[in-house]
Amino acid sequence: MKLQRNNRLRAIAAGALALSGAFVLTACGSDNNTGGGGAASTGNIKCDGKGQLLASGSSAQKNAMDLWTKNYGAACKDVKLNYKATGSGAGIQEWLQGKTAFAGSDSALKPEEVASSKKMCKGGQGINLPMVGGPIAIGFNVPGVDKLTLDAETLGKIFNSDIKTWDDPAIKKLNPGVKLPSLKIQAFHRSDESGTTDNFTKYLKAAAPKAWPHEPGKAWEGKGGQSADGSSGVSSQVKQVSGAISYFELSYATANSIKTVDLDTGASQPVKATVENASKAISEAKPKGTGKDQALDLAYDTKAAGAYPITLVTYEIACDKGNKAGTLKAAKSFLNYAASKDGQSALKELGYAPLPDAIAAKVRESISSLS
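All values reported here derive from a predicted model rather than from experimental measurement.

Undergrad: So, the overall build of the protein chain: which residues are in play, and what are the values?
TA: When helices and strands are tallied, the protein chain shows 13 helices and 14 strands. The proportion of buried residues among the 371 residues of the protein chain is 55%. Of the contacts made within the protein chain by residues no fewer than 6 positions apart, 77% connect residues no fewer than 24 positions apart. Accessible area of the protein chain: about 15,200 Å², with a carbon and sulfur share of 50%.

Undergrad: Can you tell me about the pattern of salt bridges, naming the residues and giving the values?
TA: Applying the stated criterion across every chain yields a total of 10 salt bridges. Between D162 and K223 there is a salt bridge, with the nearest N and O atoms lying 3.4 Å from each other. Taken together, the residues span a long stretch of sequence, with D162 in the loop between α5 (152–159) and α6 (169–174) and K223 in the loop between α7 (195–207) and β8 (226–228) at a distance of 61 residues. Judged by relative accessible area, which is 40%, D162 ranks as partly exposed. Judged by its relative accessible area of 43%, K223 is partly exposed. Across the salt bridge formed by K205 and E215, the nearest N and O atoms sit 3.9 Å from each other. You can see K205 sitting in helix α7 and its partner E215 sitting in the loop between α7 and β8, a full 10 residues away along the chain. A relative accessible area of 23% means that K205 is categorised as partly exposed.

Undergrad: Account for the side chain of D320, naming residues and giving values.
TA: Among the secondary structure elements, D320 is positioned in the loop between β14 (311–319) and α11 (325–339). Within the buried set, D320 has no salt-bridge partner at all; the shortest N-O distance to an opposite charge, 6.4 Å, is to K321.

What counts, and at which threshold
Residues take numbers from 1 onward in each chain, read along the sequence in its written order. Whole-chain, interface and lining totals are the exception, using all residues; otherwise, since this is a predicted model, local features are given only for residues with pLDDT of at least 70 and side-chain atom pairs are given and counted only at 80 or more. Heavy atoms throughout the structure, all of them, feed into the side-chain values; hydrogens and water do not. By definition, any uninterrupted DSSP run of H or I lasting at least four residues is a helix, any uninterrupted run of E lasting at least two residues is a strand, and each is numbered from the N terminus. Buried residues are those whose accessible area, probed at 1.4 Å on protein chains only, stays under 20% of the maximum for their type, while exposed residues exceed 50% and partly exposed ones sit between those limits. Whether two residues touch is decided by their heavy atoms; if any such pair falls within 4.5 Å, the residues are in contact. Computed with a 1.4 Å probe, the accessible areas rest on the Shrake-Rupley method; for each residue, only the protein chains presented here act as cover. The rule for a salt bridge is simple: a side-chain nitrogen of Lys or Arg has to be within 4 Å of a carboxyl oxygen of Asp or Glu. Positive charges come from Lys and Arg, negative ones from Asp and Glu, while His and the chain ends are left out of the count.

What follows is the structure, encoded as structure tokens:
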């Protein structure tokens with residue numbers, strides 16, 4: 001039974017990845033999630049509005065969006081959501097241009113983006129609504145190696161092309177007894193502007209500033225390496241290329257059966273990339289938003305036992321005031337479902353960490369006040 005359940009969960013995540021970047025919510029649809037733990041109780045979803053709801057952005061939350069749109073569509077047949085996983089940077093730009101009802105981003109709006117949003121949000125401005133949490137896994141493909149421990153300093157040097165082979169002394173020191181091959185490291189990073197890159201480089205900068213001399217950001221600043229588009233692109237490269245390593249959401253590792261790195265954070269034991277360990281790190285986050293903005297300050301350099309520090313929180317970006325009247329009701333209805341207990345609990349088996357209850361409650365308050 002346990003093996004059947006694990007296979008079913010892997011199939012759920014793989015099915016989500018196989019869908020196109022623009023998943024259209026309809027009354028009908030694929031039933032590849034039917035019977036899985038991600039199925040929602042559609043009776044608790046409060047529908048409102050009608051017509052097409054356009055959104056784009058973070059590929060990190062694509063699997064969550066695929067699941068939410070299926071569940072929401074089973075209840076709310078008058079709304080069609082088209083979410084394109086274009087990457088956080090592109091999603092914010094489309095939203096600022098008034099092309100979408102909301103955007104998905106793996107990092108909070110920058111001050112200049114908030115300033116720009118005031119031109120589009122009539123009488124208001126953009127706010128950050130935390131919606132999807134989870135670990136950024138470090139996936140690797142090293143023949144003969146099933147378990148690998150790395151720390152921030154070693155990761156910084158690997159992704160900055162300062163460590164070039166898998167049998168480097170620094171990697172050996174962290175993995176006593178592991179037979180590491182004399183194989184070239186193939187480090188892959190995102191080619192598109194990405195909040196996943198932003199969060200990963202914030203971790204490197206906070207935990208190993210000497211090994212990672214670059215400033216964090218959505219655009220990759222490291223030396224060398226290879227690139228691919230989106231989380232699906234870099235995870236596919238790790239799956240296919242011997243010696244590869246990259247960073248992407250845990251759901252992509254689960255879907256592709258990719259091995260993930262345990263992190264030596266300075267705690268008593270290396271920390272695995274799990275939903276539970278990411279939730280522990282997210283629960284330590286401090287609020288940094290004001291008013292209806294619910295942006296969070298994550299502790300990337302935490303040494304707390306069992307806290308996995310490379311976490312991200314994906315935000316939905318909307319106007320606090322001045323949202324488009326034609327899509328406001330549908331947007332609030334969908335976002336309220338996503339932030340609900342049902343919406344959040346549906347994410348666990350896809351490798352995401354549900355928001356802590358206190359944070360989710362504040363997010364729902366902000367959504368209800370959108371105008």
